[in-house]
Amino acid sequence: MSQNVDAIVVGGGIHGCSTALHLCLAGMKPVLIEKDYAGRHASGVNAGGVRQLARHVPEIPLSIRSMGIWEKITDLLDDDCSFESYGQVLVAENEEELAVCRARVAELNALGFTHEELIDATELRRLVPAVAETCPGGVVSRRDGAANPAQTTTAFRRKAEQLGATVREGVAAGNIRQSGGLWHVDVGTETFAAPVLVNAAGAWAGNIAAALGEPVPVETVAPMLMITSRVPHFIDPVVILRGRKLSFKQFSNGTVLIGGGHLATPYQDRNETVLDWKSLAISARTVFELFPVMRSATIVRAWAGIEAKMKDDIPVFGPSSRHKGLYHQFGFSLHGFQLGPGAGAVMAELIVNGGTQTRVGDLGIDRFHPSTL
Amino acid sequence: MTVAPKREAYDVVVIGAGPAGLAAAATSAEAGLSTLLLDENIGPGGQVFRAISSTPVTDRNQLGADYWVGADLVQSLRASRAEIIHRATVWSLDRNLEIAVSIGGASAFLKAQRVILATGALERPFPIPGWTLPGVMTAGAAQTMLKSSALVPDGRTVIAGQGPLLWLLAAQILRLGGRIDRILDTTERGNYFAALPHAFAFLTSPYFTKGLSMMREVKAKVQVVSGVTELSASGDGQLANVSYVAGGKRETIPADLLLLHQGVVPNVNLAMAAGIEHRWDDLQLCWSPVLDASGNSSVAGIAIAGDGAGIGGANAAVVRGRIAARAAVEALAPAVATKLAPMATLRADLAKAERGRVFLDTLFRPAPQFRIPTGDTIVCRCEEVTAKDVLDAVAIGATGPNQLKAYRRTGMGPCQGRLCGLTVTELMAQARGKTAQEIGYYRLRAPVKPITLAELAAVPKSEADVKAVVRG
């Protein structure tokens, strides 16, 4: 016996949880299926950057939409998600990098986007006093910030459930099939049926898409992060580098998160990653050079979350090009956390209204598949 | 003096130079395998034989004959060709048998064909009200000071808890002229009956007579209160009083030092960070690795010996070390293995060494109120999280220790859960009506001991390393 619901969302990351929540707000009764627990993978263990800065142009409208939700996140979730907004700063380490920044900001301005702002050495030093003297400037996105990813994903899940979503954790969605105009999904001994299926399964979403006849160029990656012991407060904004792989954030408790995209080896079937300490050593060297204040800090823990990375580095977002009622929301390629709140809202609009005011057309799966609908 | 490892790859790397590690490294090296023994302390011995080659205590009776057994183990290791490095902190081990080790402030990466983990035991957390006050310490910490520096307490001292180590420590303190005002025995009365069916094995084990004479020696000199059912420490920024209930009667006594101990549990951090499967042990109330009869873990190539494999005591640890090493020799140099003591003999030795263990485990199984705190009692010292905080998080949706991190940062401080992990598991299991096995444990991550950013930044980079990174 199938239980009929309005939508089946596969994947309890921030995207699946946000979509489930927004479907509830639109009056639907979704089921959310997560094989581990909400936020177990990339959504719960990423750097927590809430960043419009340095995004690919096709996803900027979604990012801007999301930023508006982040700024009122407590109203939505009854949880502040530890969101704080001290801006994000992209540091140019030399004049060549600054020239690239200048061109980028000009390009965005020409497209009508104003969130990125070129800054000189003086403003850079004002925002990030601890940065090395040699850096000539950079770019700031002043409304950006950071949040606690596990807290945020958990809060989305909790609120979705409060608003009527059925949540199934610890059992994988299996035997996904369409019949009689409905999608059917087995979850342990239960079967759910709905006219709508959302594929938000992160690193596991590529397999689902492929099984439904829409293979895409996606790989599983595991970006590494490490966190230090508490050090005296010295920096407010999140800092990323133009030229080298580094992101850097000090939390209010004094601990410092160091990331930037060096990769661990994922063992997806085992939910495991094996860290590459020689790459983490490169991040450590970069911090050592740029922030002398950090040299005596100790590294307390390092980890990596498993996620999907598209060949073109932008997500797959929107309706299927083959099946009615199927929607994809995956492949956020190491920068999906900030997009979560907005992507859930837009996805709910696509499902409920059949369209959205937010420009997401460049993100569709049809960029890999000519439409057959 | 700082010595870096002589090679980048070894047949066998043994981690920890307690009884199991000393025996394993000696066996492996005697069989001709290239063997490296890495140990965190300044000399061999681990906890039980701490400072065995340097202790200022020279009267052998004061530390007891069992302690000096360690000297023979060290001697046979030194006679072998094993390479030994002390003050070496292994901070990462993964399923590819790659090891990161910090020696004298510099880190090196090593590769092994087999790894034998002999990381021993930790004292079980004893989360009573006031346990984080200065003046309250673990019995193990007190014993470390006693063995390495012959330091004994001279202020008003109370020892509370249960287990063989508690009585051993008390005897050692007294023999060295230290002061103990009172011993508060928290052994549950019901445990004596539960342990009774296992008493015969215990009576015929070497523990029995030794244990009995030690308890008699201590009781002759110190007031011992048994059947303690409640315990707390208090004071304004420093321990001032110890309060307890025994036989339904509350008493409060002034104290300068409170030594707490309720047994030891496997030190699982490195093994868990390497991805080795563990199961909850319902008798010993702790996580133990899943191992085969030779100590092999769920990760190919990694074996575990000694108390890290499940608490068995020093004698069993020595045998388990030999068994794990013999299995490594069988795998890497089968021809040589035939010259070693046969596995059947070793397993018989182990059975003998483990005799009486179930009795001890049953008798000294700590009572729930000393494992599962309530109210404002601190659970996680690093992040100052109380029992009530944990229960509040459970009430709004935290289902296990890893989910709890999202609410309370428990286990995310520098101790990596060593001081709170078991408490959090049992507290959440009780609150949710689940078993500890169902609730699970923190996912542990390297570095299992913190390293400085400067040390990681100084890791030498080779051409190959630089190329390896470009693919990211």
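Cut-offs used in this document
- Residues numbered from 1 in each chain as written.
- Chains lettered and ligands numbered in written order.
- Predicted model: local features only at pLDDT ≥ 70, side-chain atom pairs only at ≥ 80, totals over all residues.
- Helix = DSSP H or I, 4+ residues; strand = E, 2+ residues; numbered from the N terminus.
- Rg over C-alpha atoms; globule rule 2.2 N^0.38 Å.
- Buried ≥ 20, exposed ≤ 12 C-beta atoms within 10 Å, placed from the backbone.
- Axes fitted to C-alpha atoms, helices over the stretch in contact; angles between N-to-C directions.
- Parallel < 35°, antiparallel > 145°, perpendicular 65-115°, else oblique.
- Left-handed = near helix turned anticlockwise from the far one by under 90°.
- Contact = placed C-beta atoms within 7 Å.
- Pairing = 2+ DSSP bridges.
- Nonpolar A, V, L, I, M, F, W, Y, C, P; charged D, E, K, R; others polar.
- Core = buried A, V, L, I, M, F, W, Y, C linked by C-beta atoms within 7 Å.
- Expected span 1.5 Å × (residues − 1).

J.: How do you make sense of the overall build of chain A when you look at a structure like this?
T.: Per the secondary structure count, chain A includes 10 helices and 23 strands. For 373 residues, the compact-globule estimate of 2.2 N^0.38 gives 21 Å, and the C-alpha radius of gyration of chain A, at 21 Å, lies within 12% of that figure. The dimensions of chain A, computed from C-alpha atoms along their principal axes, are 65 × 45 × 35 Å. Looking at the 373 residues of chain A, the share that counts as buried comes to 55%.

J.: Hey, could you run me through the packing of helix H1 (residues 14-25) of chain A against helix H7 (residues 149-162) of chain A in this one?
T.: Packed helix pairs are characterised by how far apart their axes lie and by the angle those axes make with each other. Residue and element names in this part refer to chain A. Relative orientation of the contacting elements H1 and H7 amounts to 30°, with a least axis distance of 8 Å. Judged on the interaxial angle alone, H7 and H1 are roughly parallel. The element H1 and its partner H7 pack so that their crossing is left-handed. Taken together, the residues of H7 that come into contact with H1 (itself represented by Ile14, Cys17, Ser18, Ala20, Leu21 and Cys24) are Thr152, Thr153, Phe156, Arg157, Lys159 and Ala160.

J.: I would appreciate a short explanation of the sheet that holds strand S13 (residues 241-246) of chain B in the present structure.
T.: Backbone-to-backbone hydrogen bonds join strands into a sheet, with any given pair of strands oriented parallel or antiparallel. Residues and elements named next belong to chain B. Strand order in the open sheet made by the 3 strands is S12-S13-S14, with antiparallel pairing throughout. Of all the strands in the sheet, the pair left with one neighbour each is strand S12 (228-234) and strand S14 (249-254). Strand-to-strand twist in this sheet, taken as the mean axis angle between neighbours without regard to direction, amounts to 15°. Bridge analysis of S13 against S14 gives 6 bridges, and the strand direction is antiparallel. Each bridged residue has a counterpart across the sheet, and for Ala246 the counterpart in S14 is Lys249.

J.: Any chance you could explain the interface of chain B and chain A here in plain terms?
T.: Quite often, the size of an interface is put as the accessible area lost when its parts meet. Counting residues at the interface gives 28 residues for chain B and 35 residues for chain A. Contributions of two or more residues to the side of chain B that touches chain A are made by helix H16 (401-408), strand S22 (451-452), helix H19 (453-457) and helix H20 (463-470) of chain B. Considering every element that reaches the side of chain B that touches chain A, the biggest residue donor is H19 of chain B, with 4 residues. Here the residues of the side of chain B that touches chain A sort into 15 nonpolar, 8 polar and 5 charged.

J.: Mind showing me how you'd approach the nonpolar core here?
T.: In globular proteins that are soluble, nonpolar side chains generally tend to be buried together. With 264 residues, the main nonpolar core has Ile8 of chain A together with Val13, Ile116 and Leu258 of chain B as its most contacted residues. The dominant element in this core, judged by the number of residues it contributes, is helix H10 (residues 313-332) of chain B, at 11 residues. Apart from residues no more than four positions distant in its own chain, Leu258 of chain B is found in contact with Gly135, Val136, Val158, Ala160, Ala233, Leu239 and Val242 of chain B.

J.: Looking at this structure, how should I read the sheet that holds strand S15 (residues 257-262) of chain B?
T.: Residue and element names in this part refer to chain B. Here we have 5 strands laid out as an open sheet, ordered S8-S15-S9-S10-S11, and parallel in their pairing. Bordering the open sheet on either side are strand S8 (136-138) and strand S11 (223-225), each of which pairs with just one other strand. Taken pair by pair, the neighbouring strands of this sheet meet at an average axis angle of 20°, ignoring direction. Both strand S9 (residues 157-162) and S15 contribute to a ladder of 6 bridges, which runs parallel.

J.: What am I meant to see in helix H1 (residues 19-30) of chain B here?
T.: Side chains that are three or four residues apart share a direction in an α-helix, a result of its 3.6 residues per turn. Residue and element names in this part refer to chain B. Taking 1.5 Å of rise per residue, 12 residues should cover 16 Å, and H1 covers 17 Å from first to last C-alpha, within 8% of that figure. Among the 12 residues of H1, 12 are classified as buried, and the element is accordingly described as predominantly covered. Of the residues making up H1, those classed as buried are Pro19, Ala20, Gly21, Leu22, Ala23, Ala24, Ala25, Ala26, Thr27, Ser28, Ala29 and Glu30. In this structure, the buried residues of H1 make contact with strand S1 (9-15), strand S2 (35-38), helix H3 (65-79), strand S6 (106-117) and H10. Positioned one or two residues after H1, Gly32 has a phi angle of 95°, which is positive.

J.: Looking at this model, I keep getting lost on the environment of Gln284 of chain B. Mind explaining?
T.: Residue and element names in this part refer to chain B. Inspection of the secondary structure puts Gln284 in the loop between strand S17 (278-281) and strand S18 (286-289). Since 22 C-beta atoms lie within 10 Å of it, Gln284 is described here as buried. The spacing of Gln284 and Asn402 is 118 residues in sequence and 23 Å in space, taken between C-alpha atoms. When sequence neighbours within four positions are dropped, the list of residues in contact with Gln284 reads Val265, Gly310, Ile311 and Asp361.

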